[in-house]
Amino acid sequence: MSLEAVAEPQIRSLVQQDLKQSGFEMTTSALNLLIQRTGSNLSLIMNELPKLKLASEDTRQIDDQIVGELVTKSLDQNVFDLVNDVMGKRIGAALNLYRQLILTKEEPLKINAVLVSQFRLLIQTKILTKNGYSQGTIASTLKVHPYRVKLALQSIRHLQLQHLRRAYLGLIQIERSLKSTSQDPMMLFELFMLKYLDQVA
C-alpha cells in the first residue's frame, strides 16, 4: 500500500504516535486542518511535521494557527474549494481563487483537469449513493482515496445531479478551448461561470 492510500483513522493514529514520541501535542482541529490541506496524504503530512514541530518548539503545542500559517493547500484542496464556490454560485470567490491559482503559476490545463476529475467524482458518488453504496464501497469501486469520497459525500448533499453534469460539460468545453485556441484562461473560466449560473438560475 502506498503512503497516499493510507486510511484517515490510521493517519491520525500514526501522526499522534509520532508527536507523542517527540513530546509534542496537536489539537484535534489542527490535525483536521493538516489532513484537509494535504488531502489526507501521509507522505505529505510526515514531510510537514518537522516544520510544525520547529515552529512550536517553545510550547510543544501545535494549533490551528501554526498549521494554517505553515501548511499550504495542495492543488487538489484548492480545487475542492473552487468546486464548492462554483456549485454554491459564489462567482466572486470562484474567480478570485482561480486567479490566485493562475498567479501561482499553476498550468490552466492542469487546474481544469483536476476540476474535471473532481466533478466526475461528485457525479459518480451522487449516482452510487442513490444506488445504496456506502463510503467504503464507493472508494473501492471508483479506486479513489476514501478521504476524497468523504469530502465528495459532504459536498453532494445539497447538489442536484443535473447541475453537476452541466458544470462538468462546461469544463470539458474549457478544456477543448484551452487546447485548440489561445484564449485567456481567466476569461474562459469567467464565461463558464456566467453560463453555468444562467443555466441553473
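Data block above holds the structure.
Treat the numbers as computed from the prediction; the structure is a model and nothing was measured.

Analysis parameters
Residues numbered from 1 in each chain as written. Predicted model: local features only at pLDDT ≥ 70, side-chain atom pairs only at ≥ 80, totals over all residues. Heavy atoms only, no water. Helix = DSSP H or I, 4+ residues; strand = E, 2+ residues; numbered from the N terminus. Buried < 20%, exposed > 50% of the residue type's maximum accessible area, 1.4 Å probe, protein only. Contact = heavy atoms within 4.5 Å. Areas by Shrake-Rupley, 256 points an atom, 1.4 Å probe, with all protein chains shown as cover. Lys, Arg positive; Asp, Glu negative; His and termini not counted. Charge placed at Lys NZ, Arg CZ, Asp CG, Glu CD. Salt bridge = Lys/Arg side-chain N within 4 Å of Asp/Glu carboxyl O. 1 Å grid on protein atoms, 1.4 Å probe; cavity = no way out; pocket = protein on both sides within 12 Å on 5 of 7 lines; lining within 4 Å. Points joined across faces, edges and corners; volume = space filled by probe spheres on them. Nonpolar A, V, L, I, M, F, W, Y, C, P; charged D, E, K, R; others polar. Expected span 1.5 Å × (residues − 1). Bend = angle between axes of the 7 residues up to and from the residue. Core = buried A, V, L, I, M, F, W, Y, C linked by side-chain atoms within 4.5 Å.

Enquirer: What exactly am I supposed to notice about the overall build of the protein chain here?
Expert: What the protein chain contains, in helices and strands, is 11 helices and 2 strands. Seen through its principal axes, the protein chain has C-alpha atoms that stretch 55 × 40 × 30 Å. In the protein chain, which comprises 201 residues, the share counted as buried stands at 45%. Sequence separation of 24 or more characterises 69% of the internal contacts of the protein chain that already satisfy a separation of 6 or more. Per element, the accessible surface of the protein chain, about 10900 Å² overall, is 52% carbon and sulfur. Between the centroid of the 24 positive side chains of the protein chain and the centroid of its 19 negative side chains there is a distance of 10 Å.

Enquirer: How do you make sense of the pattern of salt bridges when you look at a structure like this?
Expert: Any two side chains of opposite charge can pair, on the condition that their charged atoms come close. A complete count under the given rule lists 8 salt bridges for this structure. Glu8 is paired through a salt bridge with Arg12; the nearest N and O atoms lie 2.8 Å apart. With Glu8 and Arg12 both in helix α1 (residues 8–21) and 4 residues apart, the pair spans about one turn of that helix. Its salt-bridge partner being Glu8, residue Lys150 comes within 3.2 Å of it at the nearest N-O pair. Highlighted residues: Lys150 in helix α9 (residues 146–156) and Glu8 in helix α1, separated in sequence by 142 residues. With relative accessibility at 27%, the residue Lys150 sits in the partly exposed group. A residue is classified by how much of its surface remains accessible, and Glu8, at 11% relative accessible area, is buried.

Enquirer: Help me understand the layout of surface pockets in this model?
Expert: Where empty space is left becomes clear once a probe the size of a water molecule has been rolled over the atoms. Size it by volume and the second largest pocket reaches roughly 270 Å³. Of all the elements, helix α10 (residues 161–180) adds the most residues to the lining of the second largest pocket, at 7 residues. Of the residues belonging to the lining of the second largest pocket, the class tally is 7 nonpolar, 4 polar and 2 charged.

Enquirer: What exactly am I supposed to notice about helix α3 (residues 42–55) here?
Expert: Structurally, the α-helix is built with 3.6 residues per turn, so residues lying three or four positions apart point the same way. In this model, α3 (14 residues) spans 20 Å end to end at C-alpha, consistent with the 20 Å of a helix rising 1.5 Å per residue. Roughly 30° is the biggest bend found in α3, and it falls at Leu49, with proline Pro50 one to four residues downstream. If you check which residues of α3 are buried, you get Leu42, Ser43, Ile45, Glu48, Leu49, Leu52 and Lys53. On its buried face, α3 sits against α1, β1 (25–26), α2 (28–37), β2 (61–62) and α4 (64–70).

Enquirer: I keep staring at the side chain of Ser177 and nothing clicks. Help me out?
Expert: Along the polypeptide, Ser177 turns up in helix α10. Among the residues examined, Ser177 registers a relative accessible area of 12% and is labelled buried. If near-sequence neighbours (up to four positions away) are discounted, Ser177 is found in contact with Gln183 and Leu188.

Enquirer: Sorry, what's going on with the nonpolar core here?
Expert: One recurring pattern in soluble globular proteins is that nonpolar side chains are buried together. Membership of the largest hydrophobic core comes to 43 residues, with the highest contact counts inside it found for Val86, Met87, Leu115, Phe119, Phe189 and Phe192. Looking at this core, the elements with two or more residues in it are α5 (75–87), α6 (91–103), α7 (108–130), α8 (135–142), α9, α10 and α11 (185–200). If we ignore the near neighbours within four places in the chain, the residues touching Val86 are Ala94, Phe119, Phe189, Phe192, Met193 and Tyr196. If you look at the next biggest cluster of nonpolar residues, it comprises 22 residues, including Met26, Ile45, Ile62 and Tyr147.

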